[in-house]
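For reference, the chains in residue letters:
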There are 2 protein chains.
Amino acid sequence: MAESQDWLTQLKAHGYRLTGARRAVVQVVASSARALTPVEVYDAARTAYPALGLVTVYRTLEKLEELGLIQRVHQEQGCNAYLPHAQGHQHLLICQRCGRAVYFDGDDLTALFARVGDEHGFVVREHWLQLFGLCAKCQPEVNRDVS
Amino acid sequence: MAESQDWLTQLKAHGYRLTGARRAVVQVVASSARALTPVEVYDAARTAYPALGLVTVYRTLEKLEELGLIQRVHQEQGCNAYLPHAQGHQHLLICQRCGRAVYFDGDDLTALFARVGDEHGFVVREHWLQLFGLCAKCQPEVNRDVS
DNA sequence: AACGATAATGAAAATCGTTTTCAATTATAA
DNA sequence: TTATAATTGAAAACGATTTTCATTATCGTT
Ligand SMILES: [Mn+2]
Ligand SMILES: [Mn+2]
Ligand SMILES: [Zn+2]
Ligand SMILES: [Zn+2]
């Protein structure tokens, strides 16, 4: 896949060696529509590279995060899952049922930030915005779950 | 303090007993302007109740969270700190230097949520918004740190 | 005020996710 | 092909949180 290849190129460019273990981890994370925990990456990547160790997953995620290729995703259920990093100014919209995550952009909240900052004597320098809901596929399923 | 007393009343109302350990923990968390981790609560509460055990801090925080009196705060440095719960629809503004946290309200992002939801076929049901910056006291200090 | 049922406590042990250590393996430049 | 240094996985260590358990303390009842 394209993104996968790009990550490998980046790793190489930063002096890291390309190994089977890294290829497997990169492939899994780069192509995931859901945020994955280290163990989830481990389980998925072992199908392509059975000798993989969980330690190597941790080490590879750490490097990918340093290079800005992935980012940690905070959710109610936990804060140790990773997704490909946002492109520019984007935020996440996450399905509460299946975990599918999409980035959106086009939010302009600078006026709000200025107002709130002024009201409390703060200078606002960063913001987190994240939306949760139900994706198209899961909307009917949730009704089914309830009934 | 007023909030502290209210929390104790709530605990009692839900069938929990009022103990020295609980009073100490409640007092510390209810009156904190910063989000506190279990160990921070432990250290602060022991000055009022030296026999306190860290386990009891965990157990008390768990109950306060169940009762909706406190909430977990997610930050870059960690996601295991607690603050008194927001009142109604409020979000946090946190100082990146001293950790001081204030709630703000008056944000209306429903139009944004509807637009983003439509664009991706999602129904948006929840949102997280959190601002980070420098409080009035810390703005000059940060310049000093840099120079 | 004293009692008794039982909730709550703290110390110690267990558990879980993550990190470190280390000897063996492997990628890569020469 | 070789040499070097990065990378690996297994095992041990670690730190935060949870569980276990015997003891203590709260609080409704007497
Ligand atoms: Mn934004
Ligand atoms: Mn809001
Ligand atoms: Zn978090
Ligand atoms: Zn500050």
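For the structure, check the block above.
What comes next concerns the included structure.

## Details of the sheet that holds strand β4 (residues 101-104) of chain B
Okay, so step 1: If you walk across this open sheet you meet the six strands as β4(A)-β3(A)-β5(A)-β5(B)-β3(B)-β4(B), and the pairing is mixed. Both outer strands of the open sheet, β4 (101-104) of chain A together with β4 of chain B, are each paired with one neighbouring strand and no more. Strand after strand, the sheet turns through a mean of 25° between neighbouring axes, direction not considered.
Okay, so step 2: By the bridge criterion, four bridges tie strand β3 (residues 91-95) of chain A to β4 of chain A in an arrangement that is antiparallel. Bridging across to β4 of chain A, I94 of chain A finds its partner in A101 of chain A.
Okay, so step 3: In the packing of helix α5 (residues 110-120) of chain B onto the sheet, contacts are made with β3, β4 and β5 (123-134) of chain A together with β5 (123-134) of chain B, and the angle to β4 of chain A comes to roughly 125°.

## Digging into the coordination of the manganese ion (ligand 1)
All names here are of chain A.
Okay, so step 1: In the first shell of the manganese ion (ligand 1), the protein supplies H89 (NE2), H91 (NE2), D107 (OD) and H127 (NE2), at 2.1 to 2.2 Å from the metal.
Okay, so step 2: Coordination of the manganese ion (ligand 1) draws on donor residues from a single chain, spaced H-x1-H-x15-D-x19-H in sequence. Note that H89 is positioned in the loop between β2 (78-84) and β3 and D107 in the loop between β4 and α5 (110-120), a separation of 18 residues in sequence.

## Concerning the coordination of the zinc ion (ligand 4)
Okay, so step 1: Distances from the zinc ion (ligand 4) to its protein donors, C95 of chain B (SG), C98 of chain B (SG), C135 of chain B (SG) and C138 of chain B (SG), fall within 2.2 to 2.5 Å.
Okay, so step 2: One can describe the site at the zinc ion (ligand 4) as tetrahedral: its four donor atoms subtend angles covering 101 to 117° at the metal.

## Some points on the protein's contact with DNA strand C
Okay, so step 1: Near DNA strand C, the surroundings consist of 20 residues, among which Y58 of chain A together with T19, R22, T56 and R59 of chain B are the closest.
Okay, so step 2: The share of sugar and phosphate among atoms of DNA strand C within 4 Å of the protein is 64%.
Okay, so step 3: In the model, a base nitrogen of DNA strand C is placed 2.9 Å from a nitrogen or oxygen of the R17 of chain A side chain.
Okay, so step 4: Between DNA strand C and the protein, one listed contact pairs a phosphate oxygen with a backbone N or O atom of L52 of chain B at 3.4 Å.

## Some words on the pattern of salt bridges
Residues and elements named next belong to chain B.
Okay, so step 1: In this structure the tally under the stated criterion is six salt bridges over all chains.
Okay, so step 2: The closest approach of N and O atoms between D43 and R46, which form a salt bridge, is 2.7 Å. With D43 and R46 both in helix α3 (residues 38-46) and three residues apart, the pair spans about one turn of that helix.
Okay, so step 3: Its relative accessible area of 41% is what places D43 among the partly exposed residues.

The rules behind the values
Residues numbered from 1 in each chain as written. Chains lettered and ligands numbered in written order. Predicted model: local features only at pLDDT ≥ 70, side-chain atom pairs only at ≥ 80, totals over all residues. Heavy atoms only, no water. Pairing = 2+ DSSP bridges. Helix = DSSP H or I, 4+ residues; strand = E, 2+ residues; numbered from the N terminus. Axes fitted to C-alpha atoms, helices over the stretch in contact; angles between N-to-C directions. Contact = heavy atoms within 4.5 Å. Donors = N, O, S within 2.8 Å, 3.2 Å for Na, K, Ca; no water. Tetrahedral: all angles 85-135°; square planar, octahedral: opposite > 155°, others 65-115°. Near = heavy atom within 4 Å. Polar contact = N/O pair within 3.5 Å; in protein donor to acceptor, adjacent residues only side chain to side chain. Salt bridge = Lys/Arg side-chain N within 4 Å of Asp/Glu carboxyl O. Buried < 20%, exposed > 50% of the residue type's maximum accessible area, 1.4 Å probe, protein only.

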